[in-house]
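Listed here are the chains, written in short residue letters.
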Amino acid sequence: EICACLVGSEMCIRDRDTLVLVMNASMKQKLYDSFDRAINVYTLCEFCGEPEEEVQDPYGKGIEEYNVCFEQLQHLVDIAADNIINNIKQKEEKGE
């Protein structure tokens, strides 16, 4: 199960097979504040190997900020999808 948004079910967040990807550290912290035993919660940048970067929430800002956010998310989602597919292939090759 792959979740790419805030999840309203504690069971889902605590499931070992669940991956929760959020835009930034603030959103990640909100999840941990609400679900203290949450696991597999990453910022998109962390998951994509760019932990020093962060997706800025464009809420309430101008169209340019939304465009920048869109482009960054598109780039990161492509990387994340490749990472997930490669991980699945590696597990299949190992017989897991």
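Here is a short report on the structure shown in this document. (Residues numbered from 1 in each chain as written. Predicted model: local features only at pLDDT ≥ 70, side-chain atom pairs only at ≥ 80, totals over all residues. Heavy atoms only, no water.)

### Regarding the nonpolar core
Grouped together as the largest cluster of nonpolar side chains are 18 residues, with contacts concentrated most on L31, V55 and L76. Put simply, the parts of the chain that give this core at least two residues each are strand 2 (19-22), helix 2 (25-34), helix 3 (44-47) and helix 4 (63-94). (Core = buried A, V, L, I, M, F, W, Y, C linked by side-chain atoms within 4.5 Å. Buried < 20%, exposed > 50% of the residue type's maximum accessible area, 1.4 Å probe, protein only. Helix = DSSP H or I, 4+ residues; strand = E, 2+ residues; numbered from the N terminus.)

### Topic: a nonpolar patch on the surface
Among the surface-exposed residues, Y59, I63 and Y66 lie close enough to one another that they form a single nonpolar patch of about 400 Å² accessible area. Secondary-structure assignment places Y59 in the loop between helix 3 and helix 4. (Patch = residues over 30% accessible without salt bridge, like charges linked within 9 Å, V, L, I, M, F, W, Y side chains within 5 Å. Areas by Shrake-Rupley, 256 points an atom, 1.4 Å probe, with all protein chains shown as cover. Salt bridge = Lys/Arg side-chain N within 4 Å of Asp/Glu carboxyl O.)

### A look at the packing of aromatic side chains
As enumerated under the stated definition, the model contains 1 aromatic pair in all. For the pair Y42 and F47, a centre-to-centre distance of 6.1 Å together with 50° between the ring planes defines the contact as tilted. For Y42, a relative accessible area of 31% corresponds to the partly exposed category. (Phe/Tyr/Trp six-rings, centres within 6.5 Å; stacked < 30°, edge-to-face > 60°.)

The values are spatial; any link to function lies outside them.
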